[in-house]
Amino acid sequence: MPLPKLGRQPLARCLLRTPPETPSGLPNNANLANNLTAMATILIDKLLHTVVNQGASDLHISVGQPPVIRLHGRLRQLETKVLTPDDTVALMKSITPERCQTELQEVGGSDFGFAFGTAARFRVSVFKQKGYVGMVLRQIPNKFMTMEQLGLPKVCKELVLRPRGLFLVTGPTGSGKTTSLASMINYINETVDHHIITIEDPIEFYHTHKRSTVNQREVGVDVPSFAEAIRRALRQDPDVILVGEMRDLETIEAAITAAETGHLVFGTLHTTGAAGTVNRIIDVFPTNQQDQIRTQLSTSIIAVLSQTLLPKIGGGRVAAHEMLVVTPATANLIRENKTYRINSVIQTGAKYGMQLLDDYMFKLWKDGIVEKEEVLIKAQKPDDLAARIARAERGMFDEEEPQEEEDEFAT
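Computed from a predicted model, the values in this text were never measured in an experiment.

The N-to-C vectors of helix α10 (residues 274–284) and helix α11 (residues 290–300) enclose an angle of 135 degrees; their axes lie 9 Å apart at closest approach. The angle between the axes of α10 and α11 places the two elements in the oblique class. Relative to α11, α10 is oriented so that their crossing is right-handed. Contact residues: α10 offers V278, I281, I282 and D283, while α11 offers Q290, I293, R294 and L297. Split by residue class, the contact of α10 with α11 holds 5 nonpolar, 1 polar and 2 charged.

Below is the structure:
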C-alpha cells in the first residue's frame, strides 16, 4: 500500500539542512554535531509518529536505504532519503542512553526501552553491522489488550490463576509473546491481590499497581542477569514471577526451581510447538542431568502456549495458537521421555482446552481469515496440512471425533 509523505516537509530535508558556519565561513564542528543531533530528533519523532499512526510493528534504521517499517508483517520503505552512516549515528544518539552507547562501543550492540510520549513505548535494539550503526525499534502499545481481543485460548484465564507452576509462552521472534504475557499479567493484576515480579530485558509494557503489587526489574539496570533476579525474587515474597527470556541453563534451572517451590512462573522460549519446547528445555542440560530435569519439569510445568502471527486477508495480522495443558498423562510422557506423543495428547485433549497449531491455522484458512500460502509457510507439518486443505477444497472435510487419551498414560 502507498505510504503518505510525513508532514509538510519531506523527511529528506530534515537531514539536508546546511550546517551553521563560523565567522570564517567554515562549518563549526561542535555546532555541526549539535545540529545533526537536533535534526535527528526531528526525524526520529516523525518516523515514530508514522509507526504509531500506520499501526506498524517495527522501524528499521540501516545505512544504504531509507527508513523501513514492518506493516502487517511486510517491510515497506518510507519516502525519504537513503540514510548515510552519519544519519544513523545521529538517529541512534538522539534516543540512546549513555550506558547503551557505551555498551554498543564495547560489545557491538545494546537493547533498551523508551516511552514516545503517551502514544506508545518502543523496544530498541541498536547494533553495529559492517562497522556502521543500525537500529530496530519495536512498537509496544500503551494499552493492554484483553485475552479475548488477542484470541488466546479460553483455558488461559483459568491457568493464570493457578497458585503454582511453570507456564511457557513460545514462538519465533515477533510472534506476539510479549503482548500475550502482558495481557495475562494485566488480568492477574486486575483480578487478584498478588505480588508480581517481572524480569525483563528491557522492560516493555509498564504495569501499574491495581489489585496486585507489580515490581518490574530490568536486566542490566536493576539486576545483572535473569538467573540472579530469579534467585533474589524468591526472597521478595512473590506470588507470580515473569521471566522475560529463558535463554540459558542457569535461568531455566532457576525458573523450574521457582515453580517447584510454590510460585507461578511465566517464561518465554524461541521454540515452535509444545513438544519442541519440552525437548528444548531438557536438551539444555548435560546428559547426566536430563532424567532428573524430566522429573522436575513433569511436576512443575502446567501449560505451553505456542503462537505465531499470520497476515490477514484485507490487512492486519492474526495470531495462531497451539495450547498444551499438562495433565497427568502429559506429565507421564515427559517423565518417561516420550515427548513425541505430546501432539497426540493435544489432538485428543480438546475438552481440556488443548489445540494443535496446524489445526488452528486450518480453521483460520477455512474461515477465510488467512491465505492458504501463509498457513503452509508457518505449518509444523506443511505436507499434511496441504493435503488436508486440498481435501477441504474438494468438499471433503475431516469430521473425526477426537478420541480420549490413552489409559496407559493416565496415571
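Counted by the stated rule, this structure contains 16 salt bridges. Close ionic contact of R123 with E204 constitutes a salt bridge, the shortest N to O distance being 3.0 Å. Here E204 lies in the loop between β8 (195–200) and β9 (213–218) and R123 lies in strand β5 (residues 120–129), a separation of 81 residues in the sequence. The exposure class assigned to R123 is partly exposed, which follows from its relative accessible area of 24%. Residue E228 pairs with R232 through a salt bridge whose shortest N-O separation is 2.6 Å. A residue pair is termed a helical-turn pair when its members lie 3 or 4 positions apart in one helix, as E228 and R232 do in helix α8 (residues 226–233) at 4 residues. The class for E228 is buried, based on a relative accessible area of 18%.

Right, let's get into the environment of Y206. Tracing the sequence through the fold places Y206 in the loop between β8 and β9. C-alpha of Y206 to C-alpha of N142: the two residues are 64 residues apart in sequence and 7.9 Å apart in space. Discounting residues that sit within four places of it in the chain, Y206 has contacts with R121, F144 and Q216.

Turning to its location among the elements, Y132 is positioned in strand β6 (residues 132–141). In this structure the C-alpha to C-alpha distance between Y132 and T84, which are 48 residues apart in sequence, comes to 9.3 Å. If we ignore the near neighbours within four places in the chain, the residues touching Y132 are V63, P85 and F127.

The next point concerns the sheet that holds strand β2 (residues 68–71). One open sheet accounts for 6 strands, arranged β3-β2-β1-β6-β5-β4; its pairing is antiparallel. Edge positions in the open sheet fall to β3 (74–77) and β4 (109–116), since each of these has one partner strand only. Strand-to-strand twist across the sheet, computed as the mean angle between neighbouring axes with direction ignored, equals 20 degrees. Against the sheet, helix α4 (residues 98–107) engages β4, β5 and β6, with an angle of about 160 degrees to β4.

The next thing to look at is the confidence of the model for the protein chain. On average, residues of the protein chain score 87 in pLDDT, and 86% of them are at 70 or above. The low-confidence segment residues 1–27, where pLDDT is below 50, has 48 contacts with residues more than four positions distant or belonging to other chains. For the stretch residues 400–411, pLDDT sits under 50, and the model shows 24 contacts to residues farther than four places along the chain or on other chains.

Per the stated rule, a full pass over the model turns up 6 aromatic pairs. With centroids separated by 5.9 Å and ring planes inclined at 20 degrees, the aromatic side chains of F114 and F122 adopt a geometry described as stacked. With respect to class, F114 is no different from F122; both count as buried. These aromatic residues form a ring-pair network of at least three members: F112, F114, F116 and F122.

Here we take up α11. Q290, I293, R294, Q296, L297, S298 and S300 are the residues of α11 that are buried. Where α11 is buried, its residues contact β7 (165–170), α9 (249–260), α10, β12 (301–311) and α12 (328–335).

What follows covers the sheet that holds strand β13 (residues 317–325). Strand pairing in a sheet takes place through backbone hydrogen bonds and is either antiparallel or parallel in direction. An order of β9-β8-β10-β11-β7-β12-β13 is seen for the 7 strands of this open sheet, with the pairing classed as mixed. Each having just a single partner strand, β9 and β13 make up the two edges of the open sheet. Averaged over all pairs of adjacent strands, the angle between strand axes in this sheet comes to 15 degrees, irrespective of strand direction. Two elements, strand β10 (residues 240–243) and strand β11 (residues 264–269), share 4 bridges in a ladder whose sense is parallel.

With that out of the way, let us pick up the side chain of T251. Along the chain, T251 turns up in helix α9. Overall, T251 belongs to the buried group, its relative accessible area being 1%. Of note is the side chain of T251, whose polar atom sits 2.7 Å from the side chain of D248. Dropping the residues within four chain positions of it, T251 is found in contact with F226, A227, I230, V243, E245 and M246.

Here the focus is the side chain of K177. Here K177 shows up in helix α7 (residues 177–191). For the buried K177, which has no salt bridge, the nearest side chain bearing the opposite charge is E245, at an N-O separation of 8.0 Å. Excluding its chain neighbours within four sequence positions, the residues that come into contact with K177 are V169, T170, G171, P172, T268, L269, H270 and Q307.

About the thresholds
Residues numbered from 1 in each chain as written. Predicted model: local features only at pLDDT ≥ 70, side-chain atom pairs only at ≥ 80, totals over all residues. Heavy atoms only, no water. Axes fitted to C-alpha atoms, helices over the stretch in contact; angles between N-to-C directions. Helix = DSSP H or I, 4+ residues; strand = E, 2+ residues; numbered from the N terminus. Parallel < 35°, antiparallel > 145°, perpendicular 65-115°, else oblique. Left-handed = near helix turned anticlockwise from the far one by under 90°. Contact = heavy atoms within 4.5 Å. Nonpolar A, V, L, I, M, F, W, Y, C, P; charged D, E, K, R; others polar. Salt bridge = Lys/Arg side-chain N within 4 Å of Asp/Glu carboxyl O. Buried < 20%, exposed > 50% of the residue type's maximum accessible area, 1.4 Å probe, protein only. Pairing = 2+ DSSP bridges. pLDDT = per-residue confidence, 0-100. Phe/Tyr/Trp six-rings, centres within 6.5 Å; stacked < 30°, edge-to-face > 60°. Polar contact = N/O pair within 3.5 Å; in protein donor to acceptor, adjacent residues only side chain to side chain. Lys, Arg positive; Asp, Glu negative; His and termini not counted.

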